[in-house]
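# Architecture at a glance
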2 protein chains.
Amino acid sequence: MKLSFDALKQQLKDREISLSHQRLKVLAFLCRSRGHPTADEIYLALREEIATLSKTTVYNTLRVLEESGMVQAIGIEDHETRFDLSPPDHGHFKCLSCGTVSDVPMDIQALFPEAMNHWRVDETQVNFKGICPDCLSGEEESK
Amino acid sequence: MKLSFDALKQQLKDREISLSHQRLKVLAFLCRSRGHPTADEIYLALREEIATLSKTTVYNTLRVLEESGMVQAIGIEDHETRFDLSPPDHGHFKCLSCGTVSDVPMDIQALFPEAMNHWRVDETQVNFKGICPDCLSGEEESK
DNA sequence: TCCTACTTTGTAATGGTTACATCCGAGAGG
DNA sequence: CCTCTCGGATGTAACCATTACAAAGTAGGA
């Protein structure tokens, strides 16, 4: 369900964000990344491609992408922000056992109560925590 | 819709958590607090009553209360955890203008997709961000 | 009173994130 | 080519909420 890299490049152009080498790399990594990487994971992975990459650049880039609406910061964890490229039409589930963060398909746009129509909602996040099927079956086996 | 302080004290007893002076004070503060205070706000407020209060104690207490299920940690902000005493039958809304965090009544228990019945869900959080009515009307006036 | 376990306290460390000063590199204009 | 300019990239240092740890206090039981 991810957008293609070329489509993302076009989005950058449309928003008049210059397509620097580093920004394209961060975007490409988010594009091919299955999970929801942290800033540090992005930094460590891209460092192999760009030896001079700075962590500040990763944070700067993520902030630019977030402000432009192309990337969403997920606050499902206590001391780490994860980043998601997908359009915000789903929730997130964090497994407390293995730590994986998965997508949960659902219509999060329809959640805000209509009765509160005097509020302007810019962003909606739905976060679940629990145990994923893999870890659940593992627990049963170990009994 | 908050629980009474006495009911909370009884909950502590039921869970075999000793009712130390500091823990009762933290609980009482959460009880009479309208908003969703941060650990630091709790610390600063209670410091006037307990001069020797340590920040570590506040964090320890909040962790005990959270693990017992009496308090919920809200991760709606980037670098600050807020704490909520109320039962988890509502979402939260953070105003990006004034920073207030409000309750949003809704049935968050029914959110998880039935199709994912192999997942064990322990916790659900729904976080909205946007502009509250007060700030919206303020913006209009300033035009 | 002594013993033991639990709680509180204060300080030091941790670690993700940001501020800031500096450096680089591409494009504009000469 | 040269130089000027400006946005982006870099690295270091700082920030700050949170946690680890060790020491000191406290309550209850024998």
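Structure report, in brief. All values reported here derive from a predicted model rather than from experimental measurement. (Residues numbered from 1 in each chain as written. Chains lettered and ligands numbered in written order. Predicted model: local features only at pLDDT ≥ 70, side-chain atom pairs only at ≥ 80, totals over all residues. Heavy atoms only, no water.)

This part takes up helix α4 (residues 55–67) of chain A. Residue and element names in this part refer to chain A. Its 13 residues give α4 an end-to-end C-alpha distance of 18 Å, which sits within 8% of 18 Å, the value for a rise of 1.5 Å per residue. Those residues of α4 that fall on the buried side of the exposure criterion are Val58, Thr61, Leu62 and Leu65. The buried residues of α4 all sit within an arc of 100° when viewed along its axis, so they share a single face. On its buried face, α4 sits against α1 (5–14), α2 (21–32), α3 (39–47) and β2 (82–84). (Helix = DSSP H or I, 4+ residues; strand = E, 2+ residues; numbered from the N terminus. Expected span 1.5 Å × (residues − 1). Buried < 20%, exposed > 50% of the residue type's maximum accessible area, 1.4 Å probe, protein only. Arc of directions from axis to C-beta. Contact = heavy atoms within 4.5 Å.)

Further remarks concern the protein's contact with DNA strand C. Lining the immediate environment of DNA strand C, one finds 17 residues, of which A:Tyr59, A:Thr81, B:Ser20, B:Thr52 and B:Thr57 sit closest. When atoms of DNA strand C within 4 Å of the protein are split into backbone and base, the sugar-phosphate part holds 80%. Here B:Arg23 contributes a side-chain N or O atom positioned 3.0 Å from a phosphate oxygen of DNA strand C. Interatomic distance of 2.8 Å between a side-chain N/O atom of B:Thr57 and a phosphate oxygen of DNA strand C. At the level of secondary structure, the elements contributing two or more residues to the surface near DNA strand C comprise α4 of chain A together with α2 (21–32) and α4 (55–67) of chain B. The element that contributes the greatest number of residues to the surface near DNA strand C is α4(B), accounting for three residues. A breakdown of the residues in the surface near DNA strand C according to their chemical character gives three nonpolar, 12 polar and two charged. (Near = heavy atom within 4 Å. Polar contact = N/O pair within 3.5 Å; in protein donor to acceptor, adjacent residues only side chain to side chain. Nonpolar A, V, L, I, M, F, W, Y, C, P; charged D, E, K, R; others polar.)

In this section: empty space enclosed by the protein. All names here are of chain A. Tallied over the full model, the rule gives one cavity of 30 Å³ or more. Of the pockets and cavities examined, the largest cavity occupies roughly 30 Å³. Taken together, Gln72, His90, His92, Ile108, Thr124, Gln125 and Val126 make up the lining of the largest cavity. Elements with a contribution of two residues or more to the lining of the largest cavity: β3 (90–95) and β5 (120–131). Top element by residues in the lining of the largest cavity is β5. It accounts for three residues. (1 Å grid on protein atoms, 1.4 Å probe; cavity = no way out; pocket = protein on both sides within 12 Å on 5 of 7 lines; lining within 4 Å. Points joined across faces, edges and corners; volume = space filled by probe spheres on them.)

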